Amino acid sequence: MDIIIKKDYEQMSKCAAEYVAALIHKKPNCVIGFATGSTPIGTYRELIRMHKEGLDFSNVIAFNLDEYYGIGMDLSKPYAMDQSYQRFMHEEIFNYINIKKENIHIPDGLTKNPEEFCKEYEEAIKKAGGIDLQLLGIGGDGHWAFNEPGASLDSRTRIEKLSKQTLDDNYEAFYKSAGFLRDDMPHYAITMGIGTILDARSVLMLANGYKKAKIVAKALEGPVTNQVTASAIQIFKGEAIVILDEAAASMLSEAKSSTSVS
Ligand code: PGA
């Protein structure tokens, strides 16, 4: 595992975008696993900027990690009323790059048959040749995607109940945008499993800010446990890169945190 520590969020985001761009240059038809949340927004801005300078997404295939269950892109509502990850991805990146619509895969939060959908999602990833690079954040409860504490480390794409901490962490966005009451926000999500993520050829995990410092240290240096599903990075067999800002890295052991500050 390579841990890269950058001064701040902007530098972290630039570094992450450079990794993604390098892969696209090397393999124009690469399969990228995309993530949502506040963490990758800077990376997506940088990728949009790179696209304006010529970075070509026309053959890139995208698979998103997860989606709330029970919501989807609702075209009858203004964008800001809609907290679906469909909306997020289109608004934060896909609308501004030349990725083909048919190459975008985001779990369907409105599917009537989630079990069948999840099976098909796994099959679609396989059919695309597997994920070359999976982008990841880390939740306040240590989750990767919506693999909450207790999720099996060999889990596959499925419906998962959101933890209390995830509901607390994500509630503000729902409340701010649409005045959702806490009980009305989705309590379930469709998520790739940890096993699905571990099948990727490389992973790029990002975290920034002091509020992530403790859980980052647990995931990277604590025991591998399904109570902190991001700790699965320690058993990842491919190339694992972690890019942190100094704040998120501040509780790592001395040796790690002094490795690669730039
Ligand atoms: P965040 O979420 O980027 O909004 O902190 C990360 C996650 O839940 O994986």
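That block above? That's the structure.
The residue count restarts for each chain, going from 1 along the sequence in the order it is written. Given that the model is predicted, a residue must reach a pLDDT of at least 70 before its local features are reported, and side-chain atom pairs must reach 80 or more before they are shown or counted; all residues, however, enter totals for whole chains, interfaces and linings. Hydrogens and water are ignored here; the side-chain numbers use all heavy atoms of the structure.

Novice: Explain the environment of Ala 248 to me, using residue names and the numbers behind them.
Specialist: Note on placement: Ala 248 falls in the loop between β10 (239-245) and α8 (254-257). The buried label applies to any residue whose accessible area, calculated with a 1.4 Å probe on protein chains only, is under 20% of its type's maximum; exposed applies above 50%, and partly exposed to all values in between. Judged by its relative accessible area of 0%, Ala 248 falls in the buried class. Each C-alpha atom, one on Ala 248 and one on Thr 39, is 11 Å from the other, the two residues being 209 residues apart in sequence. We call two residues contacting when some pair of their heavy atoms lies within 4.5 Å. Among residues more than four places away in sequence, those in contact with Ala 248 are Ala 207, Asn 208, Gly 209, Lys 212, Ala 213 and Val 216. Numbering of helices and strands runs from the N terminus; a helix is a DSSP stretch of H or I covering at least four residues, while a strand is a stretch of E covering at least two.

Novice: Before we move on, could you go through the packing of aromatic side chains and cite the residues and values that matter?
Specialist: Two measures describe an aromatic ring pair: the distance that separates the ring centres and the angle between the ring planes. Think of it this way: a Phe, Tyr or Trp ring, Trp meaning its six-membered ring, pairs with another when their centres are within 6.5 Å, and the plane angle makes it stacked under 30 degrees, edge-to-face over 60, tilted otherwise. Going through the model one piece at a time under the given rule, you end up with 8 aromatic pairs. Between the aromatic rings of Phe 63 and Tyr 121, the centroid separation amounts to 5.7 Å while the plane-to-plane angle is 80 degrees, which identifies the pairing as edge-to-face. Residue Phe 63 is located in strand β3 (residues 61-64), and its partner Tyr 121 is located in helix α4 (residues 114-127); the two are separated by 58 residues in the primary sequence. A connected cluster of aromatic rings, assembled from ring pairs, spans Tyr 68, Tyr 85, Phe 88 and Phe 146.

Novice: Tell me about the state of the cysteines, and name the residues and values.
Specialist: Note on disulfides: each one is a pair of cysteine sulfur atoms within 2.5 Å. Counted according to the given criterion, the structure contains 0 disulfides. With no disulfide of its own, Cys 15 lies 17 Å from the sulfur of Cys 30, the closest cysteine sulfur. Judged by its relative accessible area of 0%, Cys 30 is buried.

Novice: Can you lay out the side chain of Thr 229 for me, pointing to particular residues and giving the numbers?
Specialist: Tracing the backbone shows Thr 229 in the loop between α7 (213-221) and β10. If we ignore the near neighbours within four places in the chain, the residues touching Thr 229 are Gly 142, His 143, Trp 144, Asn 147, Glu 148, Ala 151, Leu 153 and Ile 194.

Novice: Lay out the site of the ligand in plain terms, naming residues and giving numbers.
Specialist: Definition of nearness: a residue and a molecule or strand are near each other if at least one heavy atom of the residue lies within 4 Å of the molecule or strand. Lining the immediate environment of the ligand, one finds Gly 37, Ser 38, Thr 39, Gly 137, Ile 138, Gly 139, His 143 and Lys 212. Polar contacts, as used here, are pairs of N or O atoms within 3.5 Å; protein pairs need one atom able to donate a hydrogen and one able to accept it. Residues neighboring in sequence count only if both atoms are side-chain atoms. Between the ligand and the protein, one listed contact pairs an oxygen atom with a side-chain N or O atom of His 143 at 2.7 Å. Calculation of accessible area relied on Shrake-Rupley with a 1.4 Å probe; when residues are assessed, cover is drawn exclusively from the protein chains displayed. When the free accessible area of the ligand is taken as 280 Å², the share hidden by the protein chains comes to 78%. Three classes are used: nonpolar for Ala, Val, Leu, Ile, Met, Phe, Trp, Tyr, Cys and Pro, charged for Asp, Glu, Lys and Arg, and polar for all others, with Gly counted as polar. The residue inventory of the shell around the ligand, partitioned by class, reads 1 nonpolar, 6 polar and 1 charged.

Novice: Can you break down α4 residue by residue, with the values?
Specialist: Compared with the 20 Å implied by 1.5 Å per residue over 14 residues, the 20 Å span of α4 between its first and last C-alpha is a close match. Buried-residue contacts for α4 involve β3, β5 (104-105), β7 (158-161), β8 (188-191) and α6 (194-198). Where α4 ends, the next residue or the one after it, Gly 129, has phi of about 100 degrees, a positive value. The span you would expect from a helix comes to 1.5 Å times its residue count less one.

Fair warning: the whole summary comes from geometry, so function is off the table for now.
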